[in-house]
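Structural characterization, general
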Amino acid sequence: MKKIINDPETVVQDALRGMQAAHSDLLTVHYDPAVVVRADAPVRGKVAIISGGGSGHEPLHGGFVGRGMLDAACPGPVFTSPTSDQVVDAVSRTDGGAGALLIVKNYTGDVLNFEMAAELAESEVRSVVIDDDVAVKDSLYTAGRRGVGGTVLLEKIVGAAAERGADLAGCEALSLRVIASVRSMGLALTACTVPHVGSPSFELADDEMEIGIGIHGEPGRQKVHSGTAAEMVSALLDPILEDLPFASGDRVLLFTNGMGGTPLLELYLAHGIAEQLLADRGITVERRLVGPYITSLEMQGMSFTLLRLDDEMVELWDAPVHTPALRWGV
């Protein structure tokens, strides 16, 4: 195993120190418990938007802390849920008097710990669970579909609404609209290696790919011959389009995501194929995001996320954001 680490047991804490050093203008890192908080928190009168999950998916979630997105993120150990104590601490540090909305990916540990935190917190707290992965109904980590790439879009859109002054009920209702309208699926060309495990999470031959993988290195629907880029794009987009379903005339945001070890050259190539495939079906791509924004350590692979847009979602997507990972309109 070759990794740029000192000690597998302290890799998350060491990375958080580096994040603090790099982005002290945007966020503050607290270590006991581990919470990444917006530098100007709490913002008086603003709904706090809080998320989190296991580390290893960077820039999710800490890289999205800042103006126009998250008020706090709770980083667990690699591929392991944060504790309820972390979430309660995040709520207390960001409570501006308007309550807090918890954005939770559908993994069993995350759901249990965030729900417990919502009960323990002294503020008014509501939570939403995102489950946008069309690949599987259940996995090693979930009951039901997994929360994956749609989380990034949800955090941006609802974060913008909260920044503009939407109340807690409004942020919750908007979240549920986004969750109902977003679908994702991914593939892997190589497995990832969790630092404290030291071996790949699954095996793939040089000419194989895994379709429908999860972001924790879970194997997917099937192992198949790797094929061409066009075949890979179709293998992901076809199930996404059929699931909602998406139809001719829809306006969408297309998010082409790298899993951590995929060159941007290949991501842009795949994105171009996806745009053409959607255009052929009469689906208009109005907004785009390309890059490694929800990863699985060093995994080579990609995922697509499609969000059916309405006018409000477009306006909120375009709103200014200033975080370590996303910055525009500032």
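For the structure, see preceding data.
None of these values were measured; they are calculated from a predicted model.

Description of the pattern of salt bridges
Tallied over the entire structure, the rule returns 23 salt bridges. Here E298 makes a salt bridge to K3, at a shortest N to O gap of 3.1 Å. In this pair, E298 is assigned in the loop between β11 (284-291) and β12 (301-308) and K3 in the segment before α1 (11-22), connecting sequence segments 295 residues apart. One salt bridge in this structure joins E172 and R126, with 2.7 Å as the shortest N-O distance. Pair noted here: E172 is in helix α5 (residues 168-181) and R126 is in strand β6 (residues 125-130), with a separation of 46 residues, a long-range link. We classify R126 as partly exposed; its relative accessible area is 28%. Here the residues in one salt-bridge network are R38, D40, K46, D71 and E163, joined through shared partners.

Things to note about the layout of surface pockets
Volume-wise, the largest pocket comes out at about 670 Å³. Contributing to the lining of the largest pocket are 31 residues, with V11, A15, G56, E58 and L297 lying nearest its centre. Elements with a minimum of two residues in the lining of the largest pocket: α1, β3 (48-55) and β4 (72-78). Of all the elements, α1 adds the most residues to the lining of the largest pocket, at six residues. A breakdown of the residues in the lining of the largest pocket according to their chemical character gives 15 nonpolar, ten polar and six charged. Counting only elements with at least two residues in the lining of the second largest pocket, the list comes to α1 and β4.

Considerations on the packing of aromatic side chains
For the structure shown, the criterion picks out three aromatic pairs. Taking 6.2 Å as the distance between ring centres and 50 degrees as the angle between the ring planes, the aromatic pair formed by F255 and Y293 counts as tilted. On the criterion of sequence distance, the pair formed by F255 in strand β10 (residues 251-258) and Y293 in the loop between β11 and β12 is long-range, its members being 38 residues apart. On the basis of relative accessible area, F255 is assigned to the buried category, the value being 0%. A residue is classified by how much of its surface remains accessible, and Y293, at 15% relative accessible area, is buried. Taking the centre distance of 5.5 Å and the plane angle of 50 degrees together, the rings of W317 and W328 count as tilted. One end of the pair, W317, is in helix α8 (residues 311-318); the other, W328, is in strand β14 (residues 327-328), and eleven residues separate them in sequence. Accessibility expressed as a relative area gives 4% for W317, which makes it buried. Within the aromatic cluster, the residues linked to one another by ring pairs are F64, F255 and Y293.

Some points on the sheet that holds strand β7 (residues 182-188)
Strand order in this open sheet of six strands is β9-β8-β7-β12-β10-β11, and the pairing throughout is mixed. One side of each edge strand has no neighbouring strand; the edge strands of this open sheet are β9 (222-225) and β11. Across the sheet, the mean angle from the axis of one strand to that of its neighbour is 20 degrees, orientation sign disregarded. Where β10 and β11 come together, seven bridges link them in parallel fashion. Bridging from a neighbouring strand, L254 pairs with R288 of β11. Where helix α4 (residues 150-163) meets the sheet, it contacts β7, β10, β11 and β12, and its direction lies at approximately 45 degrees from that of β12. Along the sheet face, α5 touches β7 and β12 and points at about 50 degrees away from the line of β7.

Re the pairing of strand β8 (residues 208-211)
The sheet contact formed by β7 and β8 spans two bridges and is antiparallel. The residue of β8 that forms the bridge with A188 is E210. As defined by bridge partners, β8 adjoins β9 across four bridges and the pair is classed as antiparallel. What sits directly across from E208, in β9, is H225.

Conventions adopted
Residues numbered from 1 in each chain as written. Predicted model: local features only at pLDDT ≥ 70, side-chain atom pairs only at ≥ 80, totals over all residues. Heavy atoms only, no water. Salt bridge = Lys/Arg side-chain N within 4 Å of Asp/Glu carboxyl O. Helix = DSSP H or I, 4+ residues; strand = E, 2+ residues; numbered from the N terminus. Buried < 20%, exposed > 50% of the residue type's maximum accessible area, 1.4 Å probe, protein only. 1 Å grid on protein atoms, 1.4 Å probe; cavity = no way out; pocket = protein on both sides within 12 Å on 5 of 7 lines; lining within 4 Å. Points joined across faces, edges and corners; volume = space filled by probe spheres on them. Nonpolar A, V, L, I, M, F, W, Y, C, P; charged D, E, K, R; others polar. Phe/Tyr/Trp six-rings, centres within 6.5 Å; stacked < 30°, edge-to-face > 60°. Pairing = 2+ DSSP bridges. Axes fitted to C-alpha atoms, helices over the stretch in contact; angles between N-to-C directions. Contact = heavy atoms within 4.5 Å.

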